[in-house]
Each structure stands twice: as C-alpha cells, then as structure tokens.
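Below, each chain spelled out in residue letters.
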Amino acid sequence: SLGLMTEFMGRHIHYEESVESTQKIAQRLVYEEAPEGTIIIAEEQLSGRGRMDRKWYSPKYTGIWLSMILRPNLPPPKAPQLTLITAVAVVQAIEEMTNLTPQIKWPNDILLNGKKVTGILTELQADADRIKSIIIGIGINVNQQVEDYPEELQPIATSLSIECNQQLKRAELVQILLLKFEKLYTLYLEKGFYPLKLLWESYAISIGRNITARTVTGSLYGKAMGITDDGVLLIEDSAGKVHQVYSADIELEN
Ligand code: BT5
C-alpha cells in the first residue's frame, strides 16, 4: 500500500510489474470508465513513450513510471495547462524529498543541472468543445546510476540519485507527488490557471532567455517572453514580433 493522504488521486491504483506503456493501460481503463484520479504505475515499461513517438527509457525498479486519469470539465485548449501543473507538482515533490532545486523547461521537461530527470506526456480524448478524459504520463528517473543509461542518454539524462548521492524511496515520492498534484489541481479547478501560472513561472528555466523552438512546421529563434494564460509559449523574434508556440522542443542558448 502507498499510504496515501489524498482525497481522490490514487484512490484506484493499478500496479503492474511490467507493461508496454502505462499510457496504454490507462487508455483501456478510460474506455472502461475508470474514475478521475485512477493511477497506473509500473516497475518497468518495455515500450515507454515520449512525445511524437519517441521512446522513454524505463528500466525496472529504478524509476517512477506512472499515468494519471483525469476527467476535468474543460474545453480542449485548456489541456496544456495540466502539463504545466503536473510539472509544478513534480518539482514540489522532488523539493520535499531532497535538497535539490529542479527547473522546468517548457513544456514538459524537468531538469537538474541541465539534464532531464522527468518527462511528462499528456494525451487527450475530447470532442469539439469538451475534454472527455486526460491521461497524464509522468516518468521520473529516481535511482538510476549514470552507467545504467544507454550511451546516447548519458549526456542528457540524470536521476535524483545521481544528483543527490543517495537512494530514494520511490513509494514515498509517489505519495508526495499525488498529494502535491491533488492540491494544485483542486486550486486550479477552483481559482483558474492564474495562480498556477505564477508558480510555474517561478520554476521555469527558459523564460527571459534566447531559445530555439523546433516545431513540426520549422524552427523559430527568439527570446522566450513567458506563457499565456492557456500555457502557450510566447517568443519574440529579432524583429520584435511575438509568436505563439503551442508545442515544440526547446533548445536553450548558452
Ligand atoms: C517526454 O517526451 O519527455 C515524455 C515522457 C513520458 C514518460 C512517461 S512514463 C509513464 C508514461 N508511460 C509512457 O509510456 N510514457 C509516460 P519527449 O519530450 O518527447 O522526450 C523524449 C526524449 O527524452 C527521448 O527522445 C530521449 O532523448 C529522452 N529520454 C528517453 N528516456 C529518458 C529517460 N529515462 N530520462 C531522460 N531522458 C530520456
């Protein structure tokens, strides 16, 4: 048992030893009408996924590979806000468990010393004007050592254990994470995104810096100005024109 202190997050938990992807199991459970707050958690993912069909490396017993099912009564354009809220919850949970200070790289990366410790994947089922369900996948590298990563990930990935030189209790981190998320999500449903946006900005690494945003339609270079109330990134190009970026990979200029 996880010893949860939450009201609804994690009241229904599906624990699996080995899965292809917790997102996939979550999709099936959504279809079977699983309630809001249902959690799927696995010790290992054989084909964990990132955005745009990329792979998420999810070795056994070392990380937190988890999906949450939410059913907010919101229009589809609000979905990206939930990615940002999740990132804040992860940062707060890591801060409570360790003395580390993680930073958020818009939209879905959490970094420690410039390396990725967490990725978030938000998948949406919606009709034209209403979200039916959202599945938020969270991958947190907890107890991996550098040599546990495949070579191509070693320069870009890290884990909590690498950064703070100790092994952490994954169940405790899940407990704290679900509690933090529930508090932020409840605040969001009651008060809207604005208070969450301020919190998010306090942890964000990219704002005010020159960045390159690679989108499906091309690259854009400019200064990251902030996010809109919908969680859209604003980039000012060298001509002073401000662009709205809905989804991209961000490269920070040194
Ligand atoms: C993400 O995608 O960062 C979203 C990752 C979401 C993973 C969770 S785990 C539970 C749930 N079930 C799933 O199947 N997925 C979710 P993206 O921004 O596209 O980043 C993917 C890139 O991160 C890869 O192309 C690699 O470069 C890098 N990467 C892969 N595995 C990593 C790891 N364990 N740690 C750090 N970086 C990694």
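Here, every reference points to the structure presented above.
Residues numbered from 1 in each chain as written. Predicted model: local features only at pLDDT ≥ 70, side-chain atom pairs only at ≥ 80, totals over all residues. Heavy atoms only, no water.

Caption draft 1: Region of interest: the overall build of the protein chain. Helix and strand counts for the protein chain come out as 5 helices and 12 strands. By principal-axis analysis of the C-alpha atoms, the protein chain measures approximately 55 × 45 × 30 Å. In the protein chain, buried positions account for 53% of the 254 residues. For the protein chain, the share of sequence-separated contacts (at least 6 apart) that also reach a separation of at least 24 residues comes to 64%. If you sum the accessible surface of the protein chain, you get close to 12,200 Å²; carbon and sulfur atoms cover 49% of it. (Helix = DSSP H or I, 4+ residues; strand = E, 2+ residues; numbered from the N terminus. Buried < 20%, exposed > 50% of the residue type's maximum accessible area, 1.4 Å probe, protein only. Contact = heavy atoms within 4.5 Å. Areas by Shrake-Rupley, 256 points an atom, 1.4 Å probe, with all protein chains shown as cover.)

Caption draft 2: Up close: the pairing of strand 2 (residues 39–45). Among the 7 residues of strand 2, 7 are classified as buried, and the element is accordingly described as predominantly covered. Since strand 1 (residues 13–19) and strand 2 lie parallel, the crossover through helix 1 (residues 22–31) that links them has a hand, and here it is right-handed. (Right-handed = clockwise from strand over helix to strand, strands pointing away.)

Caption draft 3: Expanded view of the sheet that holds strand 9 (residues 218–227). The strand order across the open sheet formed by 5 strands is 11-10-9-8-12, and the pairing between neighbours is antiparallel. Each edge of the open sheet carries a strand with a single partner, namely strand 11 (242–245) and strand 12 (249–252). Put simply, the sheet's adjacent strands are angled 45° from each other on average, direction ignored. Taken together, the 4 bridges between strand 8 (residues 210–215) and strand 12 define a ladder with antiparallel strand orientation. Bridge pairing in strand 12 links Ala 213 to Ile 250. (Pairing = 2+ DSSP bridges. Axes fitted to C-alpha atoms, helices over the stretch in contact; angles between N-to-C directions.)

Caption draft 4: Spotlight on the site of the ligand. The full set close to the ligand counts 28 residues, and Ser 21, Arg 49, Arg 54, Lys 116 and Asn 141 are the nearest of them. Tyr 57 is positioned such that a nitrogen or oxygen atom in its backbone is 2.9 Å from a nitrogen atom of the ligand. One nitrogen or oxygen atom from the side chain of Lys 116 is found 2.7 Å from an oxygen atom belonging to the ligand. Here the ligand loses 92% of its free accessible area of 800 Å² to cover by the protein chains. (Near = heavy atom within 4 Å. Polar contact = N/O pair within 3.5 Å; in protein donor to acceptor, adjacent residues only side chain to side chain.)

Caption draft 5: Representation of the packing of aromatic side chains. Evaluated as defined, the whole model comprises 4 aromatic pairs. Measuring from ring centre to ring centre gives 5.4 Å for Phe 181 and Tyr 185, while their planes differ by 20°; the resulting arrangement is stacked. Residue Phe 181 and its partner Tyr 185 are both found in helix 4 (residues 170–191); the two are separated by 4 residues, about one turn of the helix. Judged by relative accessible area, which is 1%, Phe 181 ranks as buried. Put simply, the rings of Phe 8, Phe 181 and Tyr 185 pair up and form one aromatic cluster. (Phe/Tyr/Trp six-rings, centres within 6.5 Å; stacked < 30°, edge-to-face > 60°.)

Caption draft 6: Looking closely at the pattern of salt bridges. For the structure shown, the criterion picks out 15 salt bridges. Close ionic contact of Lys 60 with Glu 44 constitutes a salt bridge, the shortest N to O distance being 4.0 Å. Here Lys 60, found in the loop between strand 2 and strand 3 (63–70), pairs with Glu 44, found in strand 2; they are 16 residues apart in sequence, far enough to count as distant. With a relative accessible area of 32%, Lys 60 lands in the partly exposed category. Between Asp 109 and Lys 116 there is a salt bridge whose closest N-O contact spans 2.8 Å. Residue classification places Asp 109 among the buried positions, given a relative accessible area of 9%. Via salt bridges that share partners, Glu 17, Glu 44 and Lys 60 belong to a single interconnected network. (Salt bridge = Lys/Arg side-chain N within 4 Å of Asp/Glu carboxyl O.)

Caption draft 7: How the structure looks around the nonpolar core. If you look at the biggest cluster of nonpolar residues, it comprises 62 residues, and the most contacted ones within it are Met 68, Trp 106, Ile 136, Ile 140, Leu 160, Phe 181 and Leu 233. Here this core takes 12 residues from helix 2 (residues 79–97), the largest share from any one element. When residues of this core are sorted by domain, at least three fall in each of domain 1 (13–203) and domain 2 (210–252). With sequence-adjacent residues up to four places away left out, Leu 233 is seen in contact with Trp 106, Ile 207, Ile 211, Ala 224, Gly 226, Ile 227, His 243, Gln 244, Val 245 and Ile 250. With 10 residues, the next largest nonpolar core counts Ile 25, Ala 26, Ile 69 and Ile 135 among its residues. (Core = buried A, V, L, I, M, F, W, Y, C linked by side-chain atoms within 4.5 Å. Domains from an automatic or database assignment.)

Caption draft 8: Examining the side chain of Thr 158 more closely. With respect to the helices, strands and loops of the structure, Thr 158 is situated in the loop between strand 7 (131–141) and helix 3 (160–164). Side chain to side chain, Thr 158 and Glu 163 meet in a polar contact 2.5 Å long.

Caption draft 9: Expanded view of the sheet that holds strand 1. As summarised here, the arrangement of the 7 strands in space is 1-2-3-7-6-5-4, forming an open sheet in which the pairing is mixed. In this open sheet, the two strands that pair with only one neighbour each are strand 1 and strand 4 (103–105). Taken pair by pair, the neighbouring strands of this sheet meet at an average axis angle of 20°, ignoring direction. Bridge analysis of strand 1 against strand 2 gives 6 bridges, and the strand direction is parallel. Paired with Ile 13 across the bridge in strand 2 is Ile 39.

Remember, this is a structural readout, not a statement about activity or role.
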